[in-house]
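A look at the structure
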Amino acid sequence: MAFKQSKALTKEERTARGTLLSGIKQFPSLENKIFQQFLIMLHSRGIISIDEIYETIAHGKKSTLQSLNLRRRADNIYIPSRWSERERKAIQKLVLKTVAMHFSEEEIDDIIKLVVRREEVQNLEDLARLPNVSFDLLAQKVSEFCSLPKPSISLPISDLMATRVCLIHHFISDQLDYLGVAKKYIRIIDLNKAAENSIGPRRGAGRVGGKAAGMILANRIIETEREALQKQLEFRLRFPISYHLRSDLYLDFVKRNDLSHYYDLKYKDVETIQTEYPVIQEIFKNGSFSDDILDELKQLLRKLGKRPLIVRSSSLLEDNFGAAFCGKYRSIYLANQGTEKKRFEQFIGAICAVYASILHPDPLVYRRARNLLDYDEMMAILIQPVVGNYFGDFFFPLFSGVAYSRNEYRWSSRIKKEDGMIRMVMGLGTRAVDRVSSDYPRIIALTEPTLRSQGSVADILKYSQRYLDVINIKQKRFETIPLADLRFDQPMAHLDRVVSVCDEDLLRPVIGKHVDAEATRLCITFDKLISNTSFAEQMHWILKSLETTYGCPVDIEFTSNGEELYLLQCRPMSKQIEWDRVTLPTSIPKERQIFSATKEVRNGKLEDIDYVIYVPATSYDRIDSLKTKERVGRAIGALNQKLHSSTFILMGPGRWGSNDINLGVRITYNDINNTRALIEVAHMKDGYVPEVSFGTHFFQDLVESNIFYLPLYPDEDGNVFNTDFLMKSPNSLREIVPNFSDVEEFVRVIDIRKTKTGQKLHLYMDGEKNAALAFLQD
Amino acid sequence: MSEFNPFKMAQAQLDDAMELLGLDDSTRTFLRQPMFEATVSIPIRMDDGKVKTFRGYRVQYNTSRGPAKGGIRWHAEETLDTVRALAAWMTWKTSLLELPLGGGKGGVTCDPKELSEREKERLARGYVRQVFPLLHERKDVPAPDVYTNQQIMAWMMDEFESIFREHHRGVVTGKPLQLGGSQGRFDATARGGIYTVREASKHLNIAPAEAAYAVQGFGNSGQNAALLHPKILGGGKLIAVSDSRGGVYNKDGIDPEALVHYKQRTGQVEGFENTEVISNEELLALDVDILYPAALENAITEENASEIKAKLICELANGPVTPEADKILKDKQVFVIPDFLANAGGVTVSYFEGVQNATNYYWDEDEVHKQLDAKMTHAFNAAFDSHKRHKVDLRTGAYLLAVQRVAEACKLRGWV
């Protein structure tokens, strides 16, 4: 039935018509789009269908809709006709009148704004699609877009998706996996914030890097999910104040200082990289910036004031889906105290040092192993005020840590892998992610947060955190201080949630809020935080939300001043190859058993091992010179390179890669990346204690590189440790790395083929039974 | 080959002692077995809502000299035979100290690493609900042991009191101070050990105030031994200390207080100023007058016993010298104060706690120290006399004395 035009317009309707006409007048270029939008709205609201309009105007001419129906019936018969100019005018007139009759003034205004907004979005998208558009221009357009008045009707998300993708591609990341998730959560307004807080060369184009990308996305996901569920979080989630030095600034820095030829370093052998890196580091440190950039950095520092800062790497490859680069590049804490000149010097120094770390041997070896060497890696930087509180001369967060949506450390059968785990510390999070000596973060299994891997109070004390990483405001530096040195004569908010008081074998929570014991009686347990707050539940929810959205397990870094929680990082969790259960052979004669393990065993199998590199505790312990101990580490690195195509395992005392050389051989990732297993030997009498390092960057490296980790306790009943085989087999070190024959007595390289003719060395690990055995077999 | 049975071993040891003492058959038969033992099932509602049933034990080995006394162990491999052996051991220990107590022990087969705090509380209370007819300050008094502590004792006492609806502070010892614990418990083990060293030195021509001493193991009793040696004995030079992470040595002496403070700050002794790094093995072989093994079992074995140069060893830890090593030390004329005498300060102060609970009058720390000194001195001298009288080493002498006293009590009661 044809639409009937009704009587003449009322006063209100005439006003509405006026609003529409003035809107069209204000945006003449959008006249057609505005009419089209109203036409769609009239049609979709059922006020007047497109057919009715057409019938009214064209008297019998078929509408597109009808013609489509016809076409469906006889596709090759009917050819739809196009509107004539006269018909178009008539339709507009009809639309104008109908809209005036059915829409309020405010509605008309909103719809016009919607059309204008869509146009702006489209313009943004068009601009962002241009290949060489500068960051500044794009940022300016984004800013203009964000300052447009907001219509009460939002643009459908589908209208925004393409623009978001283009902008995220420009500002944040070009990774498809990332874009796939980010387009649903990162709004243009979020990009505007990031753009406003970024520094880079004029007319440059660059991104904020991987770490920033993960941080922005994680915060947006959690905020969106929280809003959707109207969830109240006890620890309010705050987005960390962040400033970005874009990747194009790094490029500019490299060009300006003529450093591009150092890019070739990545193709050189590891030894050369190691030798040249200290020099390169110095050269980078003395690099300069343009006056414009220096001015911007100065202004930024003024804006940030004298708050302690962290200058964090955020390279393009960092926090990639699949290659997390855990701790490979540098992040530097700045106390940011003293004169402006001094603070600025240190600020620039930190930026240059982070830039230099792009050529550090560790990330280069890491990239080589993952076929990422040819990627044009660039370093963006994230600058953030450190979260925390002042306490005497110190500044530090109440707690920080790293959390995993999947728990790979399950000391009890009650703990479920999929519930995740937290590794946390009081103070700065460096102690949670680095492999530190003689100190233990609190590990919380989110299935059962109050479950502990220690049974007695003595063990809880022994395996607790004793040192805090802090910023010393007075000394103007990052420091590690013993908890026992803190004076609690001044209040610290929520300290009672973090520490417990130890009275002999009674470990009790702080009664009330005030810590009523001296620091030497305190033990960092987080007991009240776990038992009396919803922290664990909140972390579980955050991890699950992120895992579901990312579509894979994730890990995050977080920090808190006691009341608010900050997500500093989020990335897909490093994956470990899952083996089926391996059953240990039962009939291996004693003399053919080399060693066995009964703790932290995962399923896995290494067959036909070519070499065992063994650092005996007794020899290592005898070394009294620091230089010789360092040389042992370097010998391991050299063997790692030489034997890269062989199957070899590393065995030695204590905690490999610890920052305390006396507790284990000092090595970094590039010294051990080719080994197939890292075996930490803990002789009771030597005092070497392997640490459960799940969650540290070091452990993540092992996981990502599929290196098996095993702690051995040779002195425990029933364990095998074949000292004869390990100590009396010939040492092949001299033949493989002759330059290191001076450390022959400390490093033994056992070439299996030269020891027992025809016999092969295998290492079988049964994760279900928590048992491993290395044995010789014909 | 059959599995190691700790109770069979304890029985064999007792048989030897009873043979030496020439006890009659009926006494021997009676002393070879516990007088009373109970095995209970403890259903616990776990945090996930499911019910899990744990096995619990309480053994009263011999109560001829007084109410049974002995700790409660929570251990994944706990068996009735372990509990029996340890209950027997408590009988000889309280007897040696001449405490008016018998020997007992309890346990629950559980892995504390598998229990949340709330579940631990339920287990502590559940255990008491099952064994409460056996417990009472005048019947059987538990105390903390492996994986149990002051908190668990507090829960147990509270559960017992809520069943009887009256105060029974003395039903367990090792409670927090606020709930009737005793002053002086913290350093009781080390303090008791030092008193025995003082007494032994008198017979060995050692001037403890000038003696060089070393401490192996720097937990609670090791730290206190290092601190109390000079305080109680009027001097002495601490020259080496080790813990599970390494050791430190200075032939000119180490300040014990500064070292304890350093350990509290850093969790280790290694790195302490003006010291050299030393391994545990090297520490044991140092030329010292007095050695305090305060770490783990089997620190001194037949492999390293011949290296020992100390004149006196005070066994603060349980079983730091293996039987084989004991023979070597005996040949070398190293005087060993055996563990069940050297570390009996703990059970003695537990007894004091019971005394204070019974009188509802609480002593100050000095009073505890004075009473402990009297008990330890008396016990050492009695054991020393026995070792001289029987011409055996101090360990055997002390053991014979303890068994003899229990046998005597049983006889006097007309049991055997």
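All residue numbers here refer to positions counted from 1 along the written sequence of the relevant chain. Each chain is given a letter, starting from A, and each ligand a number, starting from 1, according to the order in which they appear as written. The model is predicted, so local features are restricted to residues of pLDDT at least 70 and side-chain atom pairs to those at 80 or more, both for listing and for counting; the totals for chains, interfaces and linings are taken over all residues.

1. What about the overall build of chain B?
A tally of helices and strands in chain B yields 14 helices and twelve strands. In terms of overall size, chain B behaves like a compact globule, its C-alpha atoms giving a radius of gyration of 21 Å where 416 residues would be expected to give roughly 22 Å. C-alpha atoms of chain B, sized along the principal axes, occupy 60 × 55 × 50 Å. To assign burial, the other C-beta atoms lying within 10 Å of each residue's own C-beta are counted, with C-beta atoms placed from the backbone; 20 or more indicates buried, 12 or fewer indicates exposed, and intermediate counts indicate partly exposed. In chain B, which comprises 416 residues, the share counted as buried stands at 55%. Excluding contacts between residues fewer than 6 apart, the proportion of contacts in chain B whose partners are at least 24 apart in sequence is 70%. The helix and strand labels rest on DSSP assignments: H or I over at least four residues marks a helix, E over at least two residues marks a strand, and numbering proceeds from the N terminus. Put simply, the radius of gyration uses C-alpha atoms, and a globule should come to 2.2 Å times the residue count raised to 0.38. A pair of residues counts as a contact when their C-beta atoms, built from backbone coordinates, are separated by no more than 7 Å.

2. Structural notes on the overall build of chain A
Secondary structure assignment for chain A yields 27 helices and 27 strands. Evaluated residue by residue, chain A yields a buried proportion of 44% over its 778 residues.

3. A short note on the domain arrangement of chain B
Boundaries between domains were set according to an automatic or database domain assignment. For chain B, the assigned domains are domain 1 (34-171) and domain 2 (188-342). Measuring from the centre of the C-alpha atoms in domain 1 of chain B to the corresponding centre in domain 2 of chain B gives 32 Å.

4. Details of the sheet that holds strand E26 (residues 760-766) of chain A
Residue and element names in this part refer to chain A. Any two strands between which DSSP finds at least two bridges are classified as paired. The strand order across the open sheet built from four strands is E19-E27-E26-E20, with neighbouring strands paired in antiparallel fashion. Edge positions in the sheet fall to strand E19 (593-597) and strand E20 (604-609), since each of these pairs with one other strand and no more. Neighbour-to-neighbour, the strand axes of this sheet turn through a mean angle of 10 degrees, independent of strand direction. Where helices are involved, their axes are fitted lines through C-alpha atoms of the stretch in contact, as for all axes, and angles between N-to-C directions lie from 0 to 180°.

5. Some remarks on the interface of chain A and chain B
With 28 residues of chain A at the interface, the matching set in chain B holds 27 residues. Considering only residue class, the side of chain A that touches chain B consists of eight nonpolar, nine polar and eleven charged. Under the convention adopted here, Pro, Cys and the residues Ala, Val, Leu, Ile, Met, Phe, Trp and Tyr are nonpolar, Asp, Glu, Lys and Arg are charged, and Gly plus all remaining residues are polar.

6. Describing the environment of A:Leu486
All names here are of chain A. When you line up the elements, Leu486 lands in the loop between strand E13 (477-482) and strand E14 (499-503). Its 21 C-beta neighbours within 10 Å are what place Leu486 among the buried residues. The spatial distance from the C-alpha of Leu486 to the C-alpha of Val95 is 76 Å, given a sequence separation of 391 residues.

7. Observations regarding the pairing of strand E24 (residues 708-712) of chain A
A regular strand places its side chains so that they alternate between the two faces of the sheet. All names here are of chain A. The buried fraction of E24 amounts to five of the five residues, a majority that puts the element mostly inside the structure. Of the two faces of E24, the one holding Phe708, Leu710 and Leu712 and the one holding Tyr709 and Pro711 are both buried throughout. Of the strand pairs in this sheet, strand E23 (residues 677-681) and E24 are connected by five bridges, and their pairing is parallel. When the sheet's bridge partners are listed, Ala677 is paired in E24 with Phe708.

8. Side note on the nonpolar core
Each nonpolar core comprises buried Ala, Val, Leu, Ile, Met, Phe, Trp, Tyr and Cys residues, the members being joined through C-beta atoms within 7 Å. Core analysis: the largest hydrophobic core is formed by 183 residues, its most contacted members being A:Ile351, A:Tyr355, A:Ile613, A:Ile636 and A:Val747. Once residues lying within four places of it in the same chain are set aside, the contact partners of A:Ile636 are A:Ile613, A:Leu650, A:Val665, A:Ile667, A:Asp671, A:Ile672 and A:Val747. The next biggest cluster of nonpolar side chains, apart from the first, holds 100 residues, and it includes B:Val241, B:Val288, B:Ala299 and B:Ile300.

9. Some words on helix H15 (residues 340-356) of chain A
Given the number of residues in a helix, its expected span is that number minus one, multiplied by 1.5 Å. For H15(A), spanning 17 residues, the distance from its first C-alpha to its last is 24 Å, which sits close to the expected 24 Å at 1.5 Å a residue. Here H15(A) has its buried residues at A:Arg343, A:Gln346, A:Phe347, A:Ile348, A:Ala350, A:Ile351, A:Cys352, A:Val354, A:Tyr355 and A:Ala356.

10. Describing the packing of helix H1 (residues 6-21) of chain B against helix H14 (residues 394-413) of chain B
Residue and element names in this part refer to chain B. Here H1 crosses H14 at 80 degrees, and the two axes come no closer than 10 Å. Taken together, H1 and H14 sit at an angle that is classed as roughly perpendicular. Each of Leu14, Ala17, Met18, Leu20 and Leu21 in H1 lies in contact with H14, whose residues at this interface are Tyr399, Leu400, Val403 and Gln404. The residue makeup of the contact of H1 with H14, split by class, is eight nonpolar, one polar and no charged. To sort the angles, those under 35 degrees are grouped as roughly parallel, those over 145 as roughly antiparallel, those from 65 to 115 as roughly perpendicular, and the leftovers as oblique.

11. A few points about the sheet that holds strand E11 (residues 442-445) of chain A
Residue and element names in this part refer to chain A. On the basis of which strands lie adjacent, the open sheet formed by six strands has the order E2-E18-E17-E9-E10-E11 and mixed pairing. Pairing within the sheet leaves two strands with one partner each, and these edge strands are strand E2 (236-238) and E11. Direction aside, neighbouring strands of the sheet carry axes that sit 30 degrees apart on average. As paired elements, E2 and strand E18 (residues 564-572) share three bridges and run parallel to each other. Opposite Leu237, over in E18, you have Leu565 as the bridge partner. Sitting on the sheet, helix H11 (residues 210-229) is in contact with E2, strand E17 (554-560) and E18, with an inclination near 120 degrees to E18. Along the sheet face, helix H20 (residues 535-550) touches strand E9 (399-404), strand E10 (421-426), E11, E17 and E18 and points at about 140 degrees away from the line of E17.

12. Things to note about the confidence of the model for chain B
Note: predicted coordinates in regions of low pLDDT should not be interpreted at a detailed level. pLDDT expresses, on a scale from 0 to 100, how confident the predictor is about each individual residue. Model confidence for chain B is summarised by a mean pLDDT of 94, while 99% of its residues fall at 70 or above. Across the assembled chains, the prediction reports ipTM 0.83 with pTM 0.83.

13. Section: the packing of helix H12 (residues 345-359) of chain B against helix H13 (residues 365-390) of chain B
Residues and elements named next belong to chain B. Running from amino to carboxyl end, H12 crosses H13 at an angle of 125 degrees, the nearest separation of the two axes being 10 Å. As the angle between them shows, H12 and H13 are arranged oblique. Taken as a pair, H12 and H13 cross one another with a handedness that is right-handed. Facing H12, whose interface residues are Gly345, Thr348, Val349 and Phe352, H13 presents Val368, Gln371, Leu372, Lys375 and Met376. Split into classes, the residues belonging to the contact of H12 with H13 amount to five nonpolar, three polar and one charged. When the near helix sits turned anticlockwise from the far one by under a right angle, the crossing is termed left-handed; a clockwise turn instead gives a right-handed crossing.

14. Examining unusual backbone geometry
Residue and element names in this part refer to chain B. In this structure, Tyr147 is a non-glycine residue whose phi angle is positive, near 60 degrees. Along the polypeptide, Tyr147 turns up in the loop between strand E5 (140-144) and helix H5 (150-164). Looking at Tyr147, the number of C-beta atoms within 10 Å reads 26, which means it is buried. A positive phi angle, close to 60 degrees, is found at Gln333, a residue other than glycine. For Gln333, the location among the structural elements is in the loop between helix H10 (323-331) and strand E12 (335-337).

15. What about the environment of A:Glu591?
Turning to its location among the elements, A:Glu591 is positioned in the loop between E18 and E19. Taking the C-alpha atoms as reference points, A:Glu591 and A:Asn722, 131 residues apart in sequence, are found 7.8 Å from one another.

16. Section: helix H8 (residues 256-266) of chain B
Residues and elements named next belong to chain B. When we look at burial in H8, the residues that qualify are Pro256, Leu259, Tyr262 and Lys263. An end-on view of H8 places all buried positions within 120 degrees of arc, on one side of the element. Tucked into the core, H8 has its buried residues touching helix H7 (220-233) and strand E7 (237-243). Phi for Gly267, located one or two positions after H8, is positive at around 80 degrees. Note: the arc covers the axis-to-C-beta directions of the helix.

17. Details of the pairing of E5(B)
Residues and elements named next belong to chain B. Among the five residues in E5, five count as buried, and that is most of the element. Across five bridges, the pairing between strand E3 (residues 68-75) and E5 is parallel. Directly across from Gly71, in E5, lies its bridge partner Ala143.

18. Overview of the confidence of the model for chain A
Model confidence for chain A is summarised by a mean pLDDT of 86, while 92% of its residues fall at 70 or above. Low confidence marks residues 68-74 of chain A, where pLDDT is under 50. Its contacts with residues over four positions away, or in another chain, come to three contacts.

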